[in-house]
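# Per-entry structural report
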Amino acid sequence: MKKIFVCALAAACALAACDSNNGAATATEGAAARELGASDLAYVQVEAVLAQCDLFQTEGVALQEKTQKAQESWAKKERSLQAEAAQLQEKYEKGLITTRDAQSKQESIQKRAASYQSSAQNEARTLEEENTVFTNRAQDLLRRAVDAINADKKYKMIVNATALIDADSTLDITPAVLAKVNELYAAEKK
């Protein structure tokens, strides 16, 4: 009987110790929650802001179209030069032109191809620079909008929503950031 009583007492002490450790963990979690409350946190869906903002709708779409047209133009010119070179090769193989004429025309095609490649590279660098400037402007507007929204230091942490696994939708400040980005962009355009 004494052995059962001692075992029961030991088990009770062990449970009490575990319970007090859980209580300490719960107290620590509660303190952390008090330090960083739900209203201290917010998240922004950055991609949504950038895709929906007026800057992207006007200048970003135009830049995308310009880039696409340039790429299509480059592809068309490349196909044209390749077709011309293939025609020249076919004529030469059929004996329709002399070797000297074929070499002369091939050199001409190569010079035009080199010139085209040089101008295409310059155009690509210009488009890349325009894209970088556009991206920097968008990031600057986003940063200034978040700074303006959090000017009163209401939030201790604002994170990009792409890093979130789960969050309460009441912490989403995306609409406010989008509105502020558009406001800043409108002021910048004036």
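Let me begin by describing the structure that accompanies this report.

Thresholds applied
- Residues numbered from 1 in each chain as written.
- Predicted model: local features only at pLDDT ≥ 70, side-chain atom pairs only at ≥ 80, totals over all residues.
- Heavy atoms only, no water.
- Helix = DSSP H or I, 4+ residues; strand = E, 2+ residues; numbered from the N terminus.
- Expected span 1.5 Å × (residues − 1).
- Buried < 20%, exposed > 50% of the residue type's maximum accessible area, 1.4 Å probe, protein only.
- Contact = heavy atoms within 4.5 Å.
- Salt bridge = Lys/Arg side-chain N within 4 Å of Asp/Glu carboxyl O.
- Axes fitted to C-alpha atoms, helices over the stretch in contact; angles between N-to-C directions.
- Parallel < 35°, antiparallel > 145°, perpendicular 65-115°, else oblique.
- Nonpolar A, V, L, I, M, F, W, Y, C, P; charged D, E, K, R; others polar.
- Core = buried A, V, L, I, M, F, W, Y, C linked by side-chain atoms within 4.5 Å.

## Thoughts on helix 3 (residues 54-94)
Here helix 3 spans 59 Å end to end across 41 residues, near enough to the 60 Å set by a 1.5 Å rise per residue. All of the buried residues along helix 3 are Leu55, Gly60, Leu63, Ala70, Trp74, Leu81 and Leu88. In this fold, the buried residues of helix 3 make contact with helix 4 (99-149) and helix 5 (174-189). Following helix 3 by one or two positions, glycine 95 has its phi on the positive side, about 80°.

## Description of the pattern of salt bridges
Throughout the structure, instances matching the rule amount to ten salt bridges. Measuring nitrogen to oxygen at the nearest pair gives 2.3 Å for the salt bridge that ties glutamate 84 to arginine 112. Residue glutamate 84 is found in helix 3, and its partner arginine 112 is found in helix 4; the two are separated by 28 residues along the sequence. What makes glutamate 84 partly exposed here is its relative accessible area of 28%. Note that lysine 180 is salt-bridged to glutamate 183, the shortest N-O span being 3.1 Å. Residue lysine 180 and its partner glutamate 183 are both found in helix 5; the two are separated by three residues, about one turn of the helix.

## Some remarks on the packing of helix 3 against helix 4
Running from N to C, helix 3 and helix 4 cross one another at 170°; their axes reach a closest spacing of 10 Å. One way to sum up the angle between helix 3 and helix 4 is to call them roughly antiparallel. The residue inventory of the contact of helix 3 with helix 4, partitioned by class, reads 19 nonpolar, five polar and ten charged.

## Remarks on the nonpolar core
Of all hydrophobic cores here, the largest spans 30 residues; its most connected members are Val49, Leu55, Val177 and Val181. Secondary structure elements with two or more residues in this core: strand 1 (41-44), helix 2 (46-52), helix 3, helix 4 and helix 5. Among the elements that line this core, the one with the most residues is helix 4, at eleven residues.

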